[in-house]
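Chain and residue survey
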Amino acid sequence: MSNNPDRDGELYVIAAPSGAGKTSLINSALEEFPSLAFSVSDTTRAARRGEVDGVHYHFIEPATFTERVAQGRYLEHAEVFGHGYGTDRARVRQLWGKGCDVLLEIDVQGAAQVRQSHPQACLIFILPPSLEALRARLVARGTDQPDVIARRLGEARHEISACLEFDWILVNDQFNHARQQLMSILRAWPLRRERQKIVQRSRLADLLSS
Ligand code: 5GP
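Residues numbered from 1 in each chain as written. Predicted model: local features only at pLDDT ≥ 70, side-chain atom pairs only at ≥ 80, totals over all residues. Heavy atoms only, no water.

Things to note about helix H7 (residues 175-188)
The test is simple: Each helix is a run of DSSP H or I of at least 4 residues and each strand a run of E of at least 2, with the numbering of both proceeding from the N terminus. Given the number of residues in a helix, its expected span is that number minus one, multiplied by 1.5 Å. The buried label applies to any residue whose accessible area, calculated with a 1.4 Å probe on protein chains only, is under 20% of its type's maximum; exposed applies above 50%, and partly exposed to all values in between. Directions are taken from the helix axis to each C-beta atom, and the arc is the one they span.
End to end, H7 covers 20 Å across 14 residues, agreeing with the expected 20 Å (1.5 Å per residue, within 8%). For H7, the complete set of buried residues consists of Ala-178, Arg-179, Leu-182, Met-183, Ile-185 and Leu-186. Projected onto a plane normal to the axis of H7, the buried residues spread over an arc of 160° and lie on a single side.

So, the state of the cysteines
Filter applied, for reference: Our working definition of a disulfide is a cysteine sulfur pair at a distance within 2.5 Å.
Applying the stated criterion to the full structure yields zero disulfides. With no disulfide of its own, Cys-163 lies closest to Cys-122 among cysteine sulfurs, the gap being 15 Å.

Some words on the sheet that holds strand S8 (residues 122-127)
Going by this rule: Strands are labelled as partners when DSSP assigns at least two bridges between them. Structural elements are reduced to axes, namely lines fitted to C-alpha atoms, with helices fitted over the stretch in contact, and the angle between N-to-C directions of any two is expressed from 0 to 180 degrees. Any two residues having at least one pair of non-hydrogen atoms within 4.5 Å are treated as being in contact.
Reading across from one edge, S2-S7-S1-S8-S9 is the order of the five strands in this open sheet, with parallel pairing throughout. Edge positions in the sheet fall to strand S2 (36-38) and strand S9 (168-171), since each of these pairs with one other strand and no more. Going from strand to strand, the sheet's axes swing by 25° on average, the running direction of each strand aside. Pairing between S2 and strand S7 (residues 101-105): three bridges, direction parallel. Residue Ala-37 lies in a different strand from S7, and its bridge partner there is Val-102. On top of the sheet, helix H1 (residues 22-32) reaches strand S1 (11-15), S2, S7 and S8; it is set at about 140° to S2, its chief contact.

Regarding the sheet that holds strand S3 (residues 42-43)
Strands sit in the order S4-S3-S6-S5 across an open sheet of four strands; the sheet is mixed. With one partner strand each, in any of the chains shown, strand S4 (58-59) and strand S5 (74-80) form the two edges of the open sheet. Judged from the two bridges that link them, S3 and S4 form a sheet pairing that is parallel. Of the residues in S4, the one forming a bridge with Asp-42 is His-58.

Side note on the packing of aromatic side chains
We count it as follows: Here is the rule: rings of Phe, Tyr and Trp (six-membered ring for Trp) pair when centre to centre is within 6.5 Å. Planes less than 30 degrees apart are stacked, more than 60 are edge-to-face, and the remainder are tilted.
Counted under the stated rule, the structure contains four aromatic pairs. Taken together, a centroid distance of 5.3 Å and an interplanar angle of 35° make the contact between Phe-65 and Tyr-74 tilted. Ring geometry for Phe-125 versus Phe-166: centroids 5.1 Å apart, planes at 75°, classification edge-to-face. Note that Phe-125 is positioned in strand S8 and Phe-166 in the loop between helix H6 (146-160) and S9, a separation of 41 residues in sequence. Grouping residues by exposure puts Phe-125 and Phe-166 together as buried. Taken together, Tyr-57, Phe-59 and Tyr-85 form an aromatic cluster joined through their ring pairs.

Some details on the site of the ligand
Heads up, the condition is: One heavy atom within 4 Å of a molecule or strand is enough for the residue carrying it to be called near that molecule or strand. Polar contacts here mean pairs of N or O atoms no more than 3.5 Å apart (in protein, one a potential hydrogen donor and the other a potential acceptor; neighbouring residues in sequence count only if both atoms are side-chain atoms). In these tables, accessible area is a Shrake-Rupley quantity obtained with a 1.4 Å probe, and a residue counts as shielded only by the protein chains included in the view. Cavities and pockets were defined on a 1 Å grid built from protein atoms only: a cavity is a group of points that admits a 1.4 Å probe but offers it no way out, a pocket is an open group of points flanked by protein on both sides within 12 Å along at least five of seven lines, and a lining residue is one with an atom within 4 Å of any such point. Think of it this way: a molecule belongs to a cavity or pocket when more than half its atoms come within 2 Å of the grid points there.
Not every one of the 15 residues close to the ligand is listed here, only the nearest: Ser-41, Arg-45, Tyr-57, Tyr-85 and Glu-105. With respect to the ligand, the side chain of Tyr-85 contributes an N or O atom lying 2.4 Å from an oxygen atom. Contact between the ligand and Gly-86: an oxygen atom at 3.4 Å from a main-chain N or O atom of the residue. Contact with the protein chains hides 92% of the accessible area of the ligand, taken as 510 Å² for the molecule alone. Mapping the ligand onto the cavity grids shows that it belongs to the largest pocket. Put simply, the parts of the chain that give the shell around the ligand at least two residues each are S5 and strand S6 (83-88).

Topic: the layout of surface pockets
For clarity, the cut-off: Grid points are joined across faces, edges and corners, and a volume is the space filled by probe spheres set on the points. Residue polarity follows a fixed list, in which Ala, Val, Leu, Ile, Met, Phe, Trp, Tyr, Cys and Pro are nonpolar, Asp, Glu, Lys and Arg are charged, and the others, Gly among them, are polar.
Of the volumes computed, that of the largest pocket is approximately 1,200 Å³. Taken together, 42 residues form the lining of the largest pocket, with Lys-22, Thr-23, Arg-48, Tyr-57 and Glu-105 sitting closest to its centre. Of all elements in the fold, only H1, S5, S6 and H6 reach the threshold of two or more residues within the lining of the largest pocket. For the lining of the largest pocket, the element with the highest residue contribution is H1, accounting for six residues. The class makeup of the residues in the lining of the largest pocket is 14 nonpolar, 14 polar and 14 charged.

Quick word on the pattern of salt bridges
Test applied: The salt bridge definition used is simple: a Lys or Arg side-chain nitrogen within 4 Å of an Asp or Glu carboxyl oxygen.
According to the stated counting rule, one finds 17 salt bridges in the structure shown. Of the charged contacts, one joins Glu-10 and Arg-195 as a salt bridge, the two residues approaching to 3.2 Å between their closest N and O atoms. Placement of the pair is Glu-10 in the segment before S1 and Arg-195 in helix H8 (residues 193-199), with a sequence separation of 185 residues. A residue is classified by how much of its surface remains accessible, and Arg-195, at 13% relative accessible area, is buried. Measuring nitrogen to oxygen at the nearest pair gives 3.6 Å for the salt bridge that ties Arg-193 to Glu-194. Look at Arg-193 and you get exposed, because its relative accessible area is 64%. Classification of Glu-194 by relative accessible area gives partly exposed; the value is 44%.

Next comes the structure, spelled out in structure tokens:
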């Protein structure tokens, strides 16, 4: 990865336990910011009903995933619920090359890897208001059996314990409120000092020249 902040766009990571409402928030952000691009991950799990290859995920064989891991093709990768998931670094680079900022929707293991390799990335965690609310949402979604819901809730506790490693923590209690907060982060992040030192270098030089 080039890691050239003069040329690369922003890298946003969004993580949340299953059922915290992150997909709706992400879709809303993608609508609001035309220059924001979603990075479609590879996964070895089977497509669920309604999922389209190349849109929701690139569905690949486990052998292909293992090969790609060995080739170092992934910016980050992890095993989640027994399946491989990974972010192809070439795809991210391609999106940056088109002038986009890139959004990754990945788990906490992947987020920790991004933190290491891309310290300038913006890590956002979405919390559910409570475990009860999370349980209610998973039940209402109607896609999981009770045993799967119990497993997802156990996993949620583990994921939530990682939220303090993130830059931003949102509580998705009321969608519109959480949405506004997410938009605020996405608007403010590019204005941080470390980025502006680079982007505004020549302006600052002009302004400060005597
Ligand atoms: P699902 O299979 O329900 O779509 O996703 C299961 C979990 O895998 C979610 O926590 C999701 O954020 C995570 N995930 C999806 N794509 C990636 C990826 O490319 N890398 C990592 N590390 N996790 C991913």
